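Secondary and tertiary structure notes
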Amino acid sequence: MSYPDFQIDWLRAFVAVVDAGSLSGAAPLVHRSQSAVSMQIKKLEAALGRPVLLRGPRHLEVTPAGVELLSYARRMLELQAETQAALFGPQLAGRVRLGVPDDYASTYLTPVLRSFSHRYQGVEIELTCEQSTALIPRLMAGELDLALVSRDRPQRGRFLFQEPLVWVGAAQFEAWRRDPLPIAVYESGSMARIATLSALVARRRAYRIVYHSSSLAGQLAAVESGLAVAVLTRCSVPPALQILQNLPAEFELPPLPSMDVAVLRSKASLRAPAVDAMYEQMVRTLGAKGSD
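All of these numbers come straight from a predicted model, not from anything done at the bench.

1. Remarks on the overall build of the protein
- Looking only at helices and strands, the protein features nine helices and eleven strands.
- In terms of principal-axis extent, the alpha carbons of the protein reach across some 70 × 40 × 35 Å.
- Taken across its 292 residues, the protein has 48% of its residues classed as buried.
- The long-range share in the protein, meaning contacts at least 24 apart out of those at least 6 apart in sequence, stands at 74%.
- Within the structure as shown, the protein displays about 14900 Å² of accessible surface, and the carbon and sulfur contribution to it stands at 52%.
- Charge centroids of the protein, computed over 31 positive and 27 negative side chains, lie 5 Å from each other.

Right, dumping it as structure tokens:
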């Protein structure tokens, strides 16, 4: 029994549309017009015999057949990139200006850079570590090409996954027993700070800000010294600190939201192949976390 071939350009267009959320958003990612992307999707669907996307007035939805195909398509594109790098050497050169908060850098950026540097040794990566509230305006101003951030509003950037916020403390000091509750917070405008204070106010838990710092290292120092408790992203909590849960009822801390983590891209970088490759690597590596 013979089966139809899935051309690599069809699969690349399909993955780009899923990642961008629209045909128009996918077009610059694959360096084609919107109509050309649409035609490639139609050819893919004709070969498959089933639709992979449902086109609504405001958004695209991936069909069950599309969901099943998507993981295979990503693997095929990744294998093609690895093959090209192995047989022909690095295909790309240039620079990628990448921004990431301290708390996401080690856990989430490391696997991205590991895979990317293996394939594209000719690309220079310029890394900036700041809070999301500082990275977003820098990217909008064109000072960065890409940024991995906790997004400040829905629909900004390409959503990757949710990162929970958690209360943390040093077990030996039990700062959570104090009244008012001593807290360490990030700088004014920080989304974690806003979430922390909003949660305490909603629960009517008395608190006192005893320390504030824009850096993760500063937050950890305040907590480890017993000066305060703090709210951190779960991925950034070191083994020496305790995630504060299941406390006695009188000391129970309020629930916290999760951060929507997204990758943002500057408009000026849309025709930069090195940035294309890094963007695709971030989506391929971190987007899968959302379905774990």
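2. Considering the pattern of salt bridges
- Under the counting rule described, the total for this entry stands at eleven salt bridges.
- One salt bridge connects Asp-9 with Arg-12, and the closest N-O pair in it is separated by 3.3 Å. In this pair, Asp-9 and Arg-12 both sit in helix 1 (residues 8-20), three residues apart, roughly one turn of the helix.
- Asp-9 sits in the partly exposed class, given a relative accessible area of 30%.

3. Some details on the nonpolar core
- In this structure, Phe-14, Leu-146, Leu-148 and Trp-167 are the most contacted members of the largest nonpolar core, which totals 86 residues.
- Among the nonpolar cores identified, the runner-up in size contains eight residues, and Ile-136, Leu-139, Val-149 and Ala-262 belong to it.

4. What about helix 1?
- Under the 1.5 Å per step criterion, the end-to-end length of helix 1 is 18 Å for 13 residues, consistent within 8% with the ideal 18 Å.
- Within helix 1, the full set of buried residues consists of Trp-10, Leu-11, Ala-13, Phe-14, Val-15, Ala-16, Val-17, Val-18 and Asp-19.
- The positive-phi residue at the C-terminal boundary of helix 1 is Gly-21, with phi of around 85°.

5. Remarks on the pairing of strand 3 (residues 94-100)
- The buried count for strand 3 comes to five of seven residues, which makes it a mostly enclosed element.
- Here seven bridges tie strand 3 to strand 4 (residues 123-129), and the two strands are oriented parallel to one another. Following the sheet pairing, Arg-95 is matched in strand 4 by Glu-124.
- Handedness of the crossover joining strand 3 and strand 4 through helix 5 (residues 102-119): right-handed.
- Here strand 3 runs beside strand 5 (residues 146-150); their pairing, made up of two bridges, is parallel.

6. A closer look at unusual backbone geometry
- Omega for the bond connecting Asp-179 with Pro-180 falls within 30 degrees of zero, at 0°, which places this linkage in the cis form.
- Secondary-structure assignment places Pro-180 in the loop between strand 6 (158-169) and strand 7 (181-185).
- Phi is positive for His-31, which is not a glycine, with a value near 60°.
- Looking at the secondary structure, you find His-31 in the loop between helix 2 (23-30) and helix 3 (34-48).
- What makes His-31 partly exposed here is its relative accessible area of 44%.

7. Digging into the packing of aromatic side chains
- Within this structure, the stated rule accounts for four aromatic pairs.
- Note on Tyr-108 and Phe-161: the rings are 4.7 Å apart at their centroids and 55° apart in plane angle, and the pair reads as tilted. Pair noted here: Tyr-108 is in helix 5 and Phe-161 is in strand 6, with a separation of 53 residues, a long-range link.
- Three or more aromatic residues link up through ring pairs in this structure, and these residues are Tyr-104, Tyr-108 and Phe-161.
- Geometry around Tyr-279 places Arg-265 over its ring, the cationic atom sitting 5.9 Å from the centre.

8. Quick look at the environment of Leu-148
- With respect to the helices, strands and loops of the structure, Leu-148 is situated in strand 5.
- Judged by relative accessible area, which is 1%, Leu-148 ranks as buried.
- A sequence separation of 18 residues divides Leu-148 from Val-166, and the C-alpha atoms of the two residues are 20 Å apart.
- Apart from residues lying up to four places away in sequence, Leu-148 is in contact with Gly-99, Val-100, Pro-101, Tyr-104, Tyr-108, Leu-135, Leu-160, Val-261, Ala-262, Met-282 and Leu-286.

9. Remarks on the packing of helix 5 against helix 9 (residues 273-286)
- In contact at an axis separation of 9 Å, helix 5 and helix 9 are set at 130° when each is read in the N-to-C sense. Judged on the interaxial angle alone, helix 9 and helix 5 are oblique. The interaxial crossing formed by helix 5 with helix 9 has right-handed handedness. Where helix 5 abuts helix 9, its residues Tyr-108, Pro-111, Val-112, Leu-113, Ser-115, Phe-116 and Arg-119 lie against Ala-274, Ala-277, Met-278, Gln-281, Met-282, Arg-284, Thr-285 and Leu-286.

10. Considerations on a nonpolar patch on the surface
- Taken together, the side chains of Val-201, Tyr-207 and Ile-209 present a nonpolar region at the surface, about 240 Å² in accessible area.
- Classification of Ile-209 by relative accessible area gives partly exposed; the value is 33%.

So, how was this worked out
Residues numbered from 1 in each chain as written. Predicted model: local features only at pLDDT ≥ 70, side-chain atom pairs only at ≥ 80, totals over all residues. Heavy atoms only, no water. Helix = DSSP H or I, 4+ residues; strand = E, 2+ residues; numbered from the N terminus. Buried < 20%, exposed > 50% of the residue type's maximum accessible area, 1.4 Å probe, protein only. Contact = heavy atoms within 4.5 Å. Areas by Shrake-Rupley, 256 points an atom, 1.4 Å probe, with all protein chains shown as cover. Lys, Arg positive; Asp, Glu negative; His and termini not counted. Charge placed at Lys NZ, Arg CZ, Asp CG, Glu CD. Salt bridge = Lys/Arg side-chain N within 4 Å of Asp/Glu carboxyl O. Core = buried A, V, L, I, M, F, W, Y, C linked by side-chain atoms within 4.5 Å. Expected span 1.5 Å × (residues − 1). Pairing = 2+ DSSP bridges. Right-handed = clockwise from strand over helix to strand, strands pointing away. Phe/Tyr/Trp six-rings, centres within 6.5 Å; stacked < 30°, edge-to-face > 60°. Lys NZ or Arg CZ within 6 Å of the ring centre and 35° of its normal. Axes fitted to C-alpha atoms, helices over the stretch in contact; angles between N-to-C directions. Parallel < 35°, antiparallel > 145°, perpendicular 65-115°, else oblique. Left-handed = near helix turned anticlockwise from the far one by under 90°. Patch = residues over 30% accessible without salt bridge, like charges linked within 9 Å, V, L, I, M, F, W, Y side chains within 5 Å.

Remember that the coordinates give geometry; whether it matters functionally is a separate question.
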